[in-house]
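Listed below, chain by chain, are the residues.
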Amino acid sequence: MNAERSNTSSSPILWVVAAFALLILGGLIIAEATPLILPPQASAESQQVDNLFKVMLAIGGAIFLLVQGAIVYSVIRFRAKPGEREDGVAMHGNATLEFVWTAIPAVIVLILSILSFQVWVSITSAQDNELVVHATGARFNWSFSYNIPEQDDLTVNARELHTYVGQPIRMVLSTADVNHAFYIPAMRVKQDLLPGRETEVRFTPTIPGDYPIFCAELCGSGHGDMRARIIVHPDEETYLAWFNPEADVVLNPPEDPVARGFQILASGQYPCAGCHVLEELDWTGVTGPNQNGLADRVVNNRVAATGEVPAEYLGRSLYHPGEYLVPGFGNLMPQFQPDDPAGANYMPMEDMQAIVAYLCTLSASGESVCDPQNIQDLPSLVD
Ligand code: HEC
Ligand SMILES: [Cu+2]
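Since the model is a prediction, treat every value here as computed from it, not as a measurement.

Around the copper ion (ligand 2), the protein contributes the donor atoms H180 (ND1), C215 (SG), C219 (SG) and M226 (SD), at 2.1 to 2.5 Å from the metal centre. Bound by four donor atoms, the copper ion (ligand 2) shows angles of 92 to 127° at the metal and therefore tetrahedral coordination geometry. Along the chain, the residues donating to the copper ion (ligand 2) fall in the pattern H-x34-C-x3-C-x6-M. The burial state of C219 is the same as that of M226; both residues are buried.

This is the structure in structure tokens:
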């Protein structure tokens, strides 16, 4: 027994070396295993981000094993013997130890900041021939808009982000209300949206597919509904097969106001989808009332409650949402306004009229419940 003890304590260096080798091995295993649960690396930048992440995991994993190992060792090695009731030895101050545990983390942090800076510079630098897409976050919705080439003021709006393999993309991000964060795990990008300024983020998709986009900044009750998708087309041709017809509808909008209203809402230009359910348009938000069968409810219920004709009620729901609150719901809907194109929640009068014309058809029969004359007169009715 005695012989064995003196044998082990005679080569402490060996034990320390063996323990450190185990820690490093453990750290490397953690660094290799954890990324297996990450989404695919679907952008050119994702490999650099993941490699940096692996370095951090290896270091963090080794430190985790060191700390946990020291705890387990101490619990076993230093536990009180039966009947032992005295305090432990009082110790304080160990300059060597303190120097070591300050110097090692300082070196680690320095190395990590240099590596991080390199990756950051590399993935955020401008590239030739970028496709610029604007994304707007609004509680609780994402919408995307693309400039139409050679048409200065006209944009294609979409609820999904379309792009294609190999095309560098620059997203310009702005918010209509509070902070949001634009997060595409498969592209390894995450960027905050801040009121009053534009932020940007860049990436180049490499694998065709359909990946989720999230909001990564708690922005209110419907935050969990604030999702969208990025569709990465295999090449420019398939991308244009989506883009050109969309641009065509914008350049030649439908004459019929109902069709135009449907098209405006389907484009996701306004954030309704994140707050309302409407099957026809794939809306899934639950912050506001369900809009299926809305027109019948307006006729049977809201008209009597407000003394307004149906078109007037719907128009005022958009421009003065706080005026009449649907029972059971709070005053959470943005107040759209036709006066200031640069201001928040701008919705021109013609858009409002088209949207109301469409909402009037959400009846069991599919027939409009509104008088066309009332829709024409909306500018004075909603004043
Ligand atoms: C931030 C969440 C939010 C957004 C975005 C939003 N709404 Fe609403 N909406 C509400 C809430 C909450 C109510 C119920 C309270 C009220 O009447 O104002 C409501 C009520 C309504 C009503 C009245 C419904 C009824 O049953 O009487 C209509 C119509 C409506 N919204 C249409 C829209 C349209 C169209 C859009 C997009 C242009 C939109 N909303 C965007 C939250 C939202
Ligand atoms: Cu959000």
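At the metal site, the iron atom of ligand 1 is ligated by H276 (NE2) and M333 (SD), and these contacts range over 2.0 to 2.2 Å. If you look at the iron atom of ligand 1, its six donor atoms make angles of 88 to 180° with each other, and the shape they trace is octahedral. Of the two residues, H276 is situated in the loop between α6 (257-266) and β11 (277-278) and M333 in the loop between α8 (310-319) and α9 (349-359); the sequence distance between them amounts to 57 residues. A residue is classified by how much of its surface remains accessible, and H276, at 9% relative accessible area, is buried.

Taken as a whole, this structure holds 14 aromatic pairs when the rule is applied. Both rings, one in Y239 and one in W242, keep their centres 6.0 Å apart while their planes meet at 45°; by these two values the pair is tilted. Taken together, the residues Y239 and W242, both in helix α5 (residues 236-251) and three residues apart, mark about one turn of the helix. Side by side, Y239 and W242 carry an identical accessibility label, which is buried. Taken together, Y146, Y164, Y239, W242 and F243 form an aromatic cluster joined through their ring pairs.

Another aspect to go through is the state of the cysteines. Enumeration over the complete set of coordinates arrives at one disulfide. Put simply, C360 and C370 are joined by a disulfide, and their sulfur atoms are 1.9 Å apart. The chirality of the disulfide connecting C360 with C370 is left-handed, given an S-S dihedral of about -80°. With C360 in the loop between α9 and α10 (372-376) and C370 in the loop between α9 and α10, this pair connects stretches of sequence that are 10 residues apart. We classify C360 as buried; its relative accessible area is 0%.

Before going further, it helps to examine the domain arrangement of the chain. Domain parsing of the chain yields domain 1 (15-70 + 98-125), domain 2 (131-251) and domain 3 (257-381). Residue-level contacts link 14 residues of domain 1 with 11 residues of domain 2. Across the domain 1/domain 2 interface, buried area totals approximately 980 Å², and carbon plus sulfur atoms make up 53% of it. The interface formed by domain 1 and domain 2 contains one salt bridge. Of the charged contacts in the structure, one is a salt bridge between R188 and D50, with a shortest N-O distance of 2.8 Å. Mapped onto the side of domain 1 that touches domain 2, the elements with two or more residues apiece are α3 (46-77) and α4 (95-124). When residues of the side of domain 1 that touches domain 2 are assigned to their parent elements, the largest contribution, three residues, is made by α3.

The rules behind these values
- Residues numbered from 1 in each chain as written.
- Chains lettered and ligands numbered in written order.
- Predicted model: local features only at pLDDT ≥ 70, side-chain atom pairs only at ≥ 80, totals over all residues.
- Heavy atoms only, no water.
- Donors = N, O, S within 2.8 Å, 3.2 Å for Na, K, Ca; no water.
- Tetrahedral: all angles 85-135°; square planar, octahedral: opposite > 155°, others 65-115°.
- Buried < 20%, exposed > 50% of the residue type's maximum accessible area, 1.4 Å probe, protein only.
- Helix = DSSP H or I, 4+ residues; strand = E, 2+ residues; numbered from the N terminus.
- Phe/Tyr/Trp six-rings, centres within 6.5 Å; stacked < 30°, edge-to-face > 60°.
- Disulfide = S-S within 2.5 Å.
- Domains from an automatic or database assignment.
- Contact = heavy atoms within 4.5 Å.
- Buried area = accessible area lost by both parts, 1.4 Å probe.
- Salt bridge = Lys/Arg side-chain N within 4 Å of Asp/Glu carboxyl O.

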